[in-house]
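Spelled out from the first residue to the last, the chains are:
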Amino acid sequence: WQPTPQHLQEICDMLVISRNPLDPRYGDASAAVEHQMNNPEFVMHLAFILARLGPESLGDDVRQLAGLVLKKSVAANFRTFPPEIQAYVRGDMLVALGDVNSQEVRRTAGIAITTIASRTELSQWPELMPHLLGMLDAQNQPTVEG
């Protein structure tokens, strides 16, 4: 799955605006984010933003916000998402956990992973434990910290 550039940009803009209560568009952007949290496609975009957009594309603070919104959505809705959406989100959280550029992104991914794991059976995420154990053997410090 790949987001359309236009839709991805709209969501990134919405997140940037919703970070600044002094922005006159803040109320609308925050309401839009809240409204979209039940939308599985929106959640996939959030996962993509956290895991796949690097510092050259978007600030870590916005990526972190995407992850926190994702975590809130997962806490309320994960079991209702179709299996392919769940699988996509789980996969991107493992990618974000190994982010070499940002400790904040890794921490946020860890929070989301904990939330997902608490909402599902570990048998539904068989790649989680091997991935985590493999990260402990990594040669670079950010991956081990993830």
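Residues numbered from 1 in each chain as written. Predicted model: local features only at pLDDT ≥ 70, side-chain atom pairs only at ≥ 80, totals over all residues. Heavy atoms only, no water.

**Examining the overall build of the chain**
Helix and strand counts for the chain stand at 8 helices and 0 strands. Put simply, the chain runs from its N terminus to its C terminus through helices and strands in the order α-α-α-α-α-α-α-α. Radius of gyration (C-alpha) of the chain: 15 Å, near the 15 Å computed for a compact globule of 146 residues. Taken along the three principal axes of its C-alpha coordinates, the chain extends 50 × 35 × 25 Å. Scored against the burial criterion, the 146 residues of the chain give a buried share of 42%. Across the chain, contacts joining residues at least 24 apart in sequence account for 65% of those joining residues at least 6 apart. If the 11 positive side-chain charges of the chain are averaged to one point and the 17 negative ones to another, these points end up 6 Å apart. (Helix = DSSP H or I, 4+ residues; strand = E, 2+ residues; numbered from the N terminus. Rg over C-alpha atoms; globule rule 2.2 N^0.38 Å. Buried < 20%, exposed > 50% of the residue type's maximum accessible area, 1.4 Å probe, protein only. Contact = heavy atoms within 4.5 Å. Lys, Arg positive; Asp, Glu negative; His and termini not counted. Charge placed at Lys NZ, Arg CZ, Asp CG, Glu CD.)

**What about the packing of helix 1 (residues 5-18) against helix 2 (residues 26-36)?**
Where helix 1 contacts helix 2, the two axes come as close as 8 Å, and the packing angle between them is 125 degrees. Accordingly, the angle class assigned to the pair helix 1 and helix 2 is oblique. Here helix 1 and helix 2 pass one another in a crossing that is left-handed. Residues Met-14, Leu-15, Ile-17 and Ser-18 of helix 1 form the contact with helix 2, whose participating residues are Tyr-26, Ala-29, Ser-30, Ala-32 and Val-33. (Axes fitted to C-alpha atoms, helices over the stretch in contact; angles between N-to-C directions. Parallel < 35°, antiparallel > 145°, perpendicular 65-115°, else oblique. Left-handed = near helix turned anticlockwise from the far one by under 90°.)

**Observations regarding the side chain of Asn-77**
With respect to the helices and strands, the residue Asn-77 is situated in helix 4 (residues 60-77). In this structure Asn-77 comes out as buried when scored by relative accessible area, which is 13%. Polar contacts involving the side chain of Asn-77 include one to the main-chain carbonyl oxygen of Met-37, which spans 3.4 Å. Residues in contact with Asn-77, not counting those within four places in the same chain, are Met-37 and Asn-38. (Polar contact = N/O pair within 3.5 Å; in protein donor to acceptor, adjacent residues only side chain to side chain.)

**Comments concerning the pattern of salt bridges**
If you walk through the whole model with that rule in mind, you get 6 salt bridges. The partner of Arg-52 in a salt bridge is Asp-92, and the shortest N-O contact between them spans 2.6 Å. Pair noted here: Arg-52 is in helix 3 (residues 40-52) and Asp-92 is in helix 5 (residues 83-97), with a separation of 40 residues, a long-range link. Close ionic contact of Asp-60 with Arg-63 constitutes a salt bridge, the shortest N to O distance being 3.4 Å. Within this pair, Asp-60 and its partner Arg-63 are both found in helix 4, separated by 3 residues, close to a single helical turn. The class of Asp-60 is partly exposed, set by a relative accessible area of 22%. Arg-63 gets classed as buried once you look at its relative accessible area, which sits at 0%. Overlapping salt bridges bring together Asp-60, Arg-63 and Asp-99 as one network. (Salt bridge = Lys/Arg side-chain N within 4 Å of Asp/Glu carboxyl O.)

**Observations concerning the packing of aromatic side chains**
By the definition in use, this model includes 3 aromatic pairs. Judged by centre distance (6.3 Å) and plane angle (80 degrees), the ring pair of Trp-1 and Phe-48 falls under edge-to-face. Of this pair, Trp-1 sits in the segment before helix 1 while Phe-48 sits in helix 3, and the two are 47 residues apart along the sequence. On the accessibility criterion, Phe-48 (8% relative accessible area) is buried. Their ring planes at 75 degrees and their centres at 6.3 Å tell us that Phe-78 and Phe-81 sit as a pair that is edge-to-face. Overall, Phe-78 belongs to the buried group, its relative accessible area being 1%. Members of the aromatic cluster, connected to one another through ring pairs, are Trp-1, Phe-48 and Tyr-88. (Phe/Tyr/Trp six-rings, centres within 6.5 Å; stacked < 30°, edge-to-face > 60°.)

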